[in-house]
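Structural characterization, general
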Amino acid sequence: MKKVSVLTAALSLAATSSSWATMNIQPDPQNPTGYVIARSDVQAVESQKTADPMYQIWSQALRTAPNSVVEAIDSGLATNPENVQRAERVFPRSEWDFLTGMAAPEYTYTRFLRAIGKFPAFCAEYTDGRDSDAICKRSIVTAFAHFAQETGGHIAIDNTSDNPLGLEEWQQALVHVREMGWSEGQEGYTTGCGQNDWQNKKWPCAAGQGYFGRGAKQLSYHFNYGAFSEVMFDGDASVLLNNPGLVADSWLNLASAIWFFLTPQAPKPAMLHVIDKTWSPSQREIDAGIGYGFGTTINIINGGIECGEQNKDKGQPVNRIRYWEGLSSHYQIPLDADEKNTCWQQTPYGSLNLNGATDVLYTNWDGNWKYYADRPGGYSFECELVGFQTAYSALVPGDYEKCVTNFYGSHSSWPEVRIVDKLDPVDPGTGPGTGTDWDANKVYNSGDQVTYKGATYQAKWWTQGDDPALGGPWELVSGTPTEPAPEPTPDPTPDPTPDPTPTPDPEPTPDPTPVPDSFIQWEPGVTQAADGDKVTYNGKCFIAKNGPGVWESPVQSNWFWDEISCQ
């Protein structure tokens, strides 16, 4: 997923000082082991990290309308939102009926329009010269091609006993509203429920519920129900965790598919932005054969199983492509010169090596575990963008702040951080110094100057109690430190020669201090480290990211590892 190059954004970012230079980290007066940071400082750092215009585009695409507005939508109403009226114009009820001759009764045209109305970016107006109606039509037809594969009947046109209407397979979408073999009241798909991890703190499973596949996207597992519920119900995950059946029995059965259509899963782009070409592939994606066209939407949905040379003739991708080609032919959607319908020539996203790539954007926050010698405790007090799912999204307002404060306890051994609207004045100290005299009890921040032993020093970073004459966080600005005159040394008085003392046996050298128990001893080819696991190897310590497997041994910070302090 490539960054959008915008000169004003680049200039703005270049003109901004480093995040540490603008962060004032102070001891927490309410917590002797914690720290406080001003909210404005935290927001400034977040803005630097998400300065690329694509972050704003993604956030706007996920903007939602109030449910009260959505539930007032019905076919043909003049009060329908603009994007709904466009959808009705390019895909009227007659076309819905044409493609849903086998559909389950829970799927209706009104619910389809309400699902679109929930997300104003779907079938939106483009003001930059792009054809809004054509993009809307292509988006709907793309969705139906995937519906036909995910929830379709898959009955041959000449099978008159099971297909008496003689429908093409691409006309057989939305047959299933619940995963085959499952019904309401069955408990299941509860993998991971009840564990002591951030996913259960954020999206706790409800007793007796089944999180099996429901709706046009066949939404599955509690963490997906929870995330979707937050979008549908103003941040409230509990609605669908407690009542997942709503994803089958209401307009949410189609809204879940639109939500997936609009949500980037970095480094995967949102399907909408592949279709409307807002997205521009990175060089790594281009090298992997990933570009515009229906084939990339397959890679986004199920690339690991359906894309790549080894899957060229597999049933699922062959069906999807066949359905898309039938639909695009019927609706006269052209294949542009820069588009491909297939993905066998693409590397699946899950196998894409992005190590060292600088033009790839990510959408999840995780703690920055790099060691900073110039910050309290060596901690970063920042979060960084990562390419795997975490508790915190870069597209959700307030999530960066939650990441910095470790809201869901997802960062092991993270400092205790409290974010406040305004920092209280720092205790001026209780030592004898006045004015600019150095005071061992006072907190100094980067740029503060003090006088000490006749010289002037300037703080390079946050410091408290560090002797300026010893360097470290202080640098000499002017003057020469004066040392006290040494006291005269008296003549020594000779002592009588003592009797020789037997030489004691040497004490054994103590074993080196082991790293904490929270670190795993890495063994190449044996240790299986999950994202976030901390390991020690060859005297260094690292935290895993991006699925290092068993052979990516940690030797330095790279795509799979960040070197961290062993304390």
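If you're wondering where the values come from, they're calculated on a predicted model, not measured in any experiment. (Residues numbered from 1 in each chain as written. Predicted model: local features only at pLDDT ≥ 70, side-chain atom pairs only at ≥ 80, totals over all residues. Heavy atoms only, no water.)

1. Structural notes on the packing of helix α6 (residues 82–90) against helix α9 (residues 132–151)
- Remark: α6 packs on α9, axes separated minimally by 10 Å, with the N-to-C direction vectors making an angle of 75 degrees. As summarised for this structure, α6 and α9 are arranged roughly perpendicular, according to the angle between their axes. Residues R86, A87, R89 and V90 of α6 lie in contact with α9, whose contacting residues are S132, D133, C136, K137 and I140.
- In terms of residue class, the contact of α6 with α9 is built from four nonpolar, one polar and four charged. (Axes fitted to C-alpha atoms, helices over the stretch in contact; angles between N-to-C directions. Helix = DSSP H or I, 4+ residues; strand = E, 2+ residues; numbered from the N terminus. Parallel < 35°, antiparallel > 145°, perpendicular 65-115°, else oblique. Contact = heavy atoms within 4.5 Å. Nonpolar A, V, L, I, M, F, W, Y, C, P; charged D, E, K, R; others polar.)

2. Points about the sheet that holds strand β2 (residues 34–38)
- Sheet architecture is open: three strands sit in the order β1-β2-β6, paired in mixed fashion. Lying at the two open borders of the sheet, with one neighbouring strand each, are β1 (25–27) and β6 (416–420). Neighbour-to-neighbour, the strand axes of the sheet open up by a mean angle of 35 degrees, direction not taken into account.
- Of the pairings in the sheet, the one linking β2 to β6 comprises five bridges and is parallel in character. Paired with G34 across the strands is E416, a residue of β6.
- Where helix α3 (residues 39–49) meets the sheet, it contacts β2 and β6, and its direction lies at approximately 75 degrees from that of β2. (Pairing = 2+ DSSP bridges.)

3. Considering the side chain of K534
- In this structure, K534 sits in strand β13 (residues 534–537).
- With no salt bridge to any partner, buried K534 finds its closest opposite charge in D533, at an N-O distance of 9.8 Å.
- Separated by 2.9 Å, the side chain of K534 and the backbone oxygen of S412 make a polar contact.
- Leave out the neighbours within four places in its chain, and K534 touches W369, S412, S413, S518, F519, I520, F542, I543 and I564. (Buried < 20%, exposed > 50% of the residue type's maximum accessible area, 1.4 Å probe, protein only. Lys, Arg positive; Asp, Glu negative; His and termini not counted. Salt bridge = Lys/Arg side-chain N within 4 Å of Asp/Glu carboxyl O. Polar contact = N/O pair within 3.5 Å; in protein donor to acceptor, adjacent residues only side chain to side chain.)

4. Some details on the nonpolar core
- The biggest cluster of nonpolar side chains holds 115 residues, and the ones touching the most others in it are F91, F112, I140 and F144.
- Leaving out residues up to four positions away in the same chain, F91 has contacts with W96, L99, Y109, F112, I140, F144 and Y331. (Core = buried A, V, L, I, M, F, W, Y, C linked by side-chain atoms within 4.5 Å.)

Any link to function would need more than the numbers given here.
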